[in-house]
Structures are given as C-alpha cells and as structure tokens.
Amino acid sequence: MNRSFVFAKRIEDFDYEIPFDGLSTCLIKTGDAVKKGELLIKSAKNVVLETHDLAKELDILGNSAMDYICRVNGEYVLGDDVIAEKISTGGLTTKKVRAGSEGIISLNRVHLGYLDILSEAFESDLLSQWNGYVKNIASGDGITLGVDALKINYKAISKFNHADYKVFNDRLVGELVFIGSGDSISHKKDLADSYEGKIVFVGRSLYLDMVAELYKRSAACVLSYSMEYSDFRSLTAPVAILGGFGNLAPNKLWLDILNKNIGKDIVLSTKDNSLYIVNGVGIGKDGADLKHKKEFFDEVVPGAQVISKDIDSYSVAGVVESIVEDAVVIKTGDGSSVLVNIELVSVIV
Amino acid sequence: MSKLPLLTKNAYLSISILNGSITSHLAYSHYEIGRSYILHEFTDLRGHDISAEDWKGLLEEYLIALGDRFEWKLFLENSFYSKGLLEDQPKLFSVYPFEDEGVGLSGVRFSISDSVKEYSKVVNAVRSLCPEAKTAIINDKYTTETLNAISRKLGYEDMLFLDLNLFQFDIYRVIKKVGRVNLADINKPNFDEFHCRIKWDNPFALADQIKSSKLKAFMSLSVKENILQNAWANFVTNPSITSSSRMLSDVIRSYITVQLLSMFNDHIDKLKLANTEEVKTGILVTGDILSLVEPSSLWVALFDGLQLDGAFDLITDINGYFKTYGRIFGDGINSSEFILSRQDIFNDLARVYIPTISGVPFGQRKVIFSGEVVSGTTVENTYFIAPEIQSLNLKTQHDMLSGSFIREAYIKGLGEKISFINGADERFYKKIIFDSRIRPVIYGPDASSNTIKMNGWFNE
C-alpha cells in the first residue's frame, strides 16, 4: 500500500514568537487581533554597517579572534581606526584591520571570528507582517502571536551549537529570500551585502564556501535543496536540506511553494524537521491549499502526482503517465520520463 | 460429528504494527478441499513522521483501504456512520462475520511492537477502533515465548531467530534443556534463552557508517566515495523495502555481515552452534532488509557474519509471518483463533551444510563431496566443489541426497557421510545449500578482489 506524501499542511493556530526584551515599548496586549501593517513595538535598533572576517583578514583561527582585537564591545570608532592587529615574526611584521566606517564595535559574533561595526541606535518601529492575534506577552521571553502557517517537512538539518546562533525555543526565524531563481547553483557574485534576519534559499545545491559567505553576511539560516553528504556532516552552522543528498534537481513543488512565499517569515524547527511559513500561501490554485480526502494512503493511478524514493531517481517528482506491471512511468516537470518501482513512490496530497 | 469450526472454512486477519511498518496477513483455509493461502500486504511507514495522535486516523484509512486491497469484506460499516451523514463521527470497525471466501473473518489480531513510539497510545487507538480484535504487545518476552513454541512445533532443540531491520538487529536463541527436571521447576520454562541487540537511534550515525573500514572490507562494488555516501544517506533517511540498485544491495550485504559479526564476537559462547547429531538446529531469519538482497547474498552475510558451520536448517521468512502468525502457529491445535501448518508460513526451508575442509590447498578448486540425488525415478550424480557455494533445488517432497566427503572434509557432528531424505520428520525442504568455502573466509584487500572471490564462490 502506498503512503501519501503530505507536502504542505495548514496549521490554523501556530505559535509565532517575537523576541521582546521588555525595554522596548509594546503597543499591543494579550487577546488583541493583529493585522498586517499594524504597529506592534517601538524600539531602538542598530544596523550592521560592516563585518570583518578576522579569520581571513588576519590569517588566524576564528575562535581565537578575541586575542587580536584592540577595542572593547560598544566602543565608538572612526573610519580608519585600527580595530584588530596581529604581530608576528618576532615583532617585525604587523597585520592591521582598520574600520571602514564610523560606528559602534560589536563583539557579539567574535567567537565565530566576526567583528561587526554597527550604526548608532535609531528608533525602529516593528510593524506586523502577519495576521493573527496576541496569545501572550512576557518580557524577556517574547510576544507570542497565534497565526496560521503552512507546515512543510524538510529532510535534515546540520549539527550546530545553538548558543552560537539565534535559536529561540529550538527555532530559527527569518524572512525568506532567494539567491537567483532557485533552480540552479548560486555563486558569490549573486549575494547581497547583508542577510541579517533572513532565511536564505540558495537553490539546487550548496557548497561549503557559500555557507561561510552567507554566515559572514549574518544569515539566520540557509536552505538548500541538496548538498553533498560529506560536506553536510562537516558543517557547524545551521543548514537545512529540503530534498536530499547529492546534486539533486529541485522538484517543482518546492520551487513553487517557496517562490510564492518569498518575503514571508519562516520558522524553522530544529527538533522535528518542520518549517512553518507564517501566513503562507498554498500551492493550489490562487494560493489555496491542496484538498486531500486521504491523508495517509492513496492509490497510485495515472494522473496522480507522485514522488520517488528510489535511489537512482531520488526525490524526482512528477505525474504518473502510465503503470507498467509493477512500475510507474513518471513524467517530470522538465518533460523527461522516469521508470520507478510502484512500491517506491508516494502519492503527493 | 460436526467438525470443529477452525477446521471448516475459515479466514483470519493478523496485523503487525512495527517501528516503521504495518504488515497484514489474511489467512484463508478450506481444509475439506485442501485450499489454503495467505494474502500479504506490507506498508512502509519509514521516512514519514507519525505522531501518536496520527495513529487513529492512519488506522482508519488503512483498514478501509485494506479491504479494497485484499478484495475482501472485512468490516461492517459503523452503525453511527452513514455516507453523507455524520462523516466526522469516529469510525468503528466491527468484524464482518465469516460467510465464505472473500466475505468476512472469523477474527482479527493486532500485534504491536513495543519499539513503536508511544506504543500504548497505538494500542488504545486499535482498541477504540476495533474492540473485538485481539491485541498483543511484541516485546522480548513475547518473542522468546513465540520462538520457543515454534521450535517445539517444528522439532528443533536449538533455534535461532534473527530479526534483521535497518535500524535494529535482534538475535534470539532458545535451547531445549535436556535431562531430568525437578518437581519444583516443573512450571518453569524448559529452555535456555539468549538475546542480543544492536540498535541505531540516530539515522546519521548509521549513515556515517558508510565511511567505516569494516563495512568497506566486505563490499564488492567500486563506487566513487561521494556517490556511495549520498546514496546511503538518502536511503537511511528515507528507507525503502525494495530497490533495484546493485550498489545499495552490496552495501546492505556488507552491513548485515558486519553487524552479525560484531554480535557474534561479543557473544561467541552464546552464539556458536552446538553441531551435534542429537541437537537439531534451525535458524529463522526475518526483517525489513531481507528483500533488499539476493538470497545468495543473504546466505553469505549470515554464514560469514555468524561464523556458521556444521549442518542446520535455514528458514527465510521474507513476509514477516513470525510476527503476525508465529504465536498462532506455535499454539498449534490449541489455538482458538486459526490453525496453520508449517507449509502455510515457514515453507521457505533450506538444509544447509557447511563442511570443515582441511585437505584442499588454498587457491585450488577440488571436489570435496561425491554423491547422488534421487528424485522420483531419476538418479543423478552430484558433486560439491571447494571453495564454492552451491544450491540444489529439490524437485519433489521425497528427494534424497546421499554421499561421502573426500579430501579430509566432514560435517561437524555428522561425520563424512550425508544421508538426507526430504520429508523425513515432516520437514519439506525447497533446497540444499552447500557452502564449501575454506575457512577462515578472507575478504579483501579491496572491492574488486571481493568481486572476483564472490564470482568464484558462485562459479559465475
């Protein structure tokens, strides 16, 4: 009997948590309905003006960066001030890192080898990006909104130290952005200057240098459709794999749903391999959710949308063209056909 | 005198819910006309996250779909539910009383493994959906008791049960106690038991094993490292019951060998076969990875992993009957549910001979056994050659094999002569397997050497 593959499931009352330190001004209270565009919090905020990768610039180990910094956390520096230096060959040579902009030194990521220069604080309004209601407000813990979300399972997440990244209640949060069109491999030249607060979908496959570049640009998390398993196991930063291991062509389902939800907030749970698109748009017609009568088992018939777990055609998805004895012919999005044992396909519902 | 109900026409459904799968077997028998069969349905749940709360909905869909798959009327419609009305009412599956082939059941049994996450909730879901069904929890005690009952029924004094699943290998053994039993101990089990297990809780830990030199030592296909790692990781994170990939099959064979060898080395004294003429030994093997390897590959993995020798019976239970009908079979005529014969479920039976050979120089091929096979009126000379693995398919239920070993070869516990009659002791074998490889079997130094050796073992 073939299992169904529930690609996306609507969760009507999902807990979405916004960090709230109690110092900012909260303009809502528990029970309030929240609409998109509504003002929620007034707070002071800094932006990152520039980031120095001290490991690269001084040729040192990232976790020893603190030993070479000659400023303190929060210190105001002017342009061209020396912020870090390395003395070597018995004092004969000195490598210096100078500030490119004037701003405030932040050592929040120094344990990863990064030194940031922040702008002065300015008043920042947090406008709601979501429709929902206020479930709870707790200073230090955050504001919990009840929102609807689209839940999708991803394949795997890398092993990383939660304390080094902004993980809150086993969750990573950020706004979904793409690099490129999403169906090819991304390159460094495609990158923006900063990905702070963003969850970045890189496309078909991901290589280790790209991971380093994205985290240097303060990405909250990285999504990739596939990755070499050996690279994946060597990661120490959060990377979620959507499809599988190797260099797999992303199936149309993933591209469609992520494309439709660019700019939406994503909550990625590190515990249960789920990602939640807050107020997500479904992949059905006009953004509706797929209607399915059967959640767990479905029959493989011509015309059914299926996904393969055969090793030789792993994660290939398409429509059943015909059934030949104990195999199905799947027509994929790019027009090609694949023959797969009928027991190795799941019906997408 | 009217016949017992169990001996007239009868149909019985048994469902086992394991960690990662559901197996259903519907047994039908009509003893008066000698018609009996078992319908089989396997559903792989691995790679899908199922919470305890999902089980009720899952079982509802499953039981309805099962009737369609078997083309059998299994359950009555819920008296509280009718199409179009009250569709959100909980379903109740009352067993449709048995009427004839294709219509109704005499009973239903659910066996739920204690390795299923929050299995007590699964049991509750089953009981609320199908209150008439019998439920049993498959745990170590249940398995050992079932194995003991089966060993008595099949006439083995020593029986091993290998449950080989991707994330968990279990070996159970029961050995009948010999000698006098004190009156005070009359109610205690009359067998010695043993159990060992290897379990992988983290799929990535298992996926990382592909880099292990132990695993690579047994592999016979040379594949680029990254292709192998990616394929194995994809398989482990989303396993399947079948595959056309030769690469995967080779990895699984190596994996079975390494796991069993590790268990054997940790418990040599408990897993070594007795190899005496008086003790009949049977090995029953089941599990979700059996269908991923060819039978000949499975033999090599078992014989080398457990360092087997001597003579024993090998029962391959690829359909998982041990967990659905094992207890019922073991109860025999005392069963109140259904009566099954060994031909119904444990019919993939092979007689295995692994001789000890000292008179064949390493690297040479020599005949070590000469004999004849009598099948009906046909008599055929047969030879077994070292270092090959050969199998002889038995054509009838009364085939005979007799002959002698030469070149200082012999079977531990049996000596230099073999006299085998199919059907003696009511055991009907499908084949005889002769493993005449010189011990110790040496693999390596690389995959291509293993390919050459394995081709030589099977004379390809």
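Just so it is clear, the model here is predicted, and its values are computed rather than measured.

### Section: the overall build of chain A
Then step 1. Secondary structure summary: chain A contains four helices and 27 strands in total.
Then step 2. Overall, chain A is about 75 × 55 × 30 Å in size when its C-alpha atoms are taken along their principal axes.
Then step 3. Expressed as a percentage of its 349 residues, the buried residues of chain A come to 48%.
Then step 4. Sequence separation of 24 or more characterises 60% of the internal contacts of chain A that already satisfy a separation of 6 or more.
Then step 5. Accessible area for chain A stands at about 16,200 Å²; split by element, carbon and sulfur atoms hold 49% of it.
Then step 6. The distance from the centre of the 38 positive side-chain charges to the centre of the 49 negative ones in chain A is 2 Å.

### Re the pattern of salt bridges
Then step 1. The tally for this structure, following the rule as stated, stands at 40 salt bridges over all chains.
Then step 2. A salt bridge links Asp 163 of chain B to Lys 323 of chain B; the shortest N-O distance between them is 2.5 Å. Linking Asp 163 of chain B in strand S8 (residues 158-165) with Lys 323 of chain B in helix H10 (residues 321-331), this pair joins segments that are 160 residues apart in sequence.
Then step 3. On the basis of relative accessible area, Asp 163 of chain B is assigned to the buried category, the value being 7%.
Then step 4. With a shortest N-O distance of 2.7 Å, Arg 437 of chain B and Asp 304 of chain B are connected by a salt bridge. Pair noted here: Arg 437 of chain B is in the loop between strand S21 (431-435) and helix H12 (447-457) and Asp 304 of chain B is in helix H9 (residues 295-305), with a separation of 133 residues, a long-range link.
Then step 5. With a relative accessible area of 1%, Arg 437 of chain B lands in the buried category.
Then step 6. When salt bridges with common partners are traced through the structure, they connect Lys 56, Lys 188, Glu 213 and Arg 217 of chain A into a single cluster.

### Some thoughts on the packing of helix H3 (residues 140-154) of chain B against H10 of chain B
Residues and elements named next belong to chain B.
Then step 1. Between H3 and H10, whose axes approach to 8 Å, the crossing angle comes to 55°. Taken as axis vectors, H3 and H10 run oblique relative to one another. In this structure, the crossing between H3 and H10 has a hand that is left-handed. The segment H3 lies against H10, with Tyr 142, Thr 143, Glu 145, Thr 146, Leu 147, Ala 149, Ile 150, Lys 153 and Leu 154 engaging Phe 322, Gly 326, Arg 327, Phe 329 and Gly 330.

### Topic: the packing of helix H6 (residues 225-237) of chain B against helix H7 (residues 246-266) of chain B
Residue and element names in this part refer to chain B.
Then step 1. Following both chains from N to C, one finds H6 and H7 inclined at 75°, their axes separated by 11 Å at the closest point. Judged by the angle between their axes, H6 and H7 are roughly perpendicular. Where H6 abuts H7, its residues Ile 227, Leu 228, Ala 231, Trp 232 and Phe 235 lie against Met 247, Leu 248, Val 251 and Ile 252.
Then step 2. Each residue belonging to the contact of H6 with H7 can be placed in one class, and the counts come to nine nonpolar, no polar and no charged.

### Concerning H7 of chain B
Then step 1. Here H7 of chain B spans 30 Å end to end across 21 residues, near enough to the 30 Å set by a 1.5 Å rise per residue.
Then step 2. Within H7 of chain B, 16 of the 21 residues are buried, which leaves the element mostly enclosed by the surrounding structure.

### Topic: the sheet that holds strand S18 (residues 400-405) of chain B
All names here are of chain B.
Then step 1. The antiparallel open sheet is built from four strands, whose spatial order is S16-S15-S18-S20. The open sheet terminates on both sides in strands that have one partner only, identified here as strand S16 (378-386) and strand S20 (417-421). Between one strand axis and the next, the sheet turns by 15° as a mean value, whatever way the strands run.
Then step 2. Across six bridges, strand S15 (residues 366-375) lies against S18 in antiparallel orientation. Across the sheet, Val 374 pairs through a bridge with Met 400, a residue of S18.

### Points about the packing of aromatic side chains
Residue and element names in this part refer to chain B.
Then step 1. This structure, assessed with the given rule, holds 34 aromatic pairs over all chains.
Then step 2. The ring of Phe 329 carries Lys 153 above its face, with NZ or CZ at 4.3 Å from the centroid.
Then step 3. Over the aromatic face of Tyr 142 sits the side chain of Arg 327, whose NZ or CZ is 4.5 Å from the ring centroid.

### Quick notes on the interface of chain B and chain A
Then step 1. Contacts between chain B and chain A engage 38 residues on the former and 30 residues on the latter.
Then step 2. Note on chain B versus chain A: buried area summed over both sides is about 2,800 Å², and carbon and sulfur give 55% of it.
Then step 3. When residues of chain B are sorted by the area they lose upon contact with chain A, Glu 61, Phe 204 and Asn 234 of chain B head the list and together hold 22% of the total.
Then step 4. Seen at the junction of chain B and chain A, the total is two salt bridges.
Then step 5. Asp 208 of chain B is paired through a salt bridge with Arg 233 of chain A; the nearest N and O atoms lie 2.5 Å apart.
Then step 6. Scanning the region where chain B abuts chain A turns up twelve residue pairs in polar contact (both at pLDDT 80 or more).
Then step 7. Mapped by element, the contributors of at least two residues to the side of chain B that touches chain A are strand S3 (35-44), helix H1 (54-70), helix H4 (203-208), H6 and H7 of chain B.
Then step 8. Here the residues of the side of chain B that touches chain A are counted per class, giving 16 nonpolar, 14 polar and eight charged.

About the criteria used
- Residues numbered from 1 in each chain as written.
- Chains lettered and ligands numbered in written order.
- Predicted model: local features only at pLDDT ≥ 70, side-chain atom pairs only at ≥ 80, totals over all residues.
- Heavy atoms only, no water.
- Helix = DSSP H or I, 4+ residues; strand = E, 2+ residues; numbered from the N terminus.
- Buried < 20%, exposed > 50% of the residue type's maximum accessible area, 1.4 Å probe, protein only.
- Contact = heavy atoms within 4.5 Å.
- Areas by Shrake-Rupley, 256 points an atom, 1.4 Å probe, with all protein chains shown as cover.
- Lys, Arg positive; Asp, Glu negative; His and termini not counted.
- Charge placed at Lys NZ, Arg CZ, Asp CG, Glu CD.
- Salt bridge = Lys/Arg side-chain N within 4 Å of Asp/Glu carboxyl O.
- Axes fitted to C-alpha atoms, helices over the stretch in contact; angles between N-to-C directions.
- Parallel < 35°, antiparallel > 145°, perpendicular 65-115°, else oblique.
- Left-handed = near helix turned anticlockwise from the far one by under 90°.
- Nonpolar A, V, L, I, M, F, W, Y, C, P; charged D, E, K, R; others polar.
- Expected span 1.5 Å × (residues − 1).
- Pairing = 2+ DSSP bridges.
- Phe/Tyr/Trp six-rings, centres within 6.5 Å; stacked < 30°, edge-to-face > 60°.
- Lys NZ or Arg CZ within 6 Å of the ring centre and 35° of its normal.
- Buried area = accessible area lost by both parts, 1.4 Å probe.
- Polar contact = N/O pair within 3.5 Å; in protein donor to acceptor, adjacent residues only side chain to side chain.

By themselves, these figures tell us nothing about what the structure is for.
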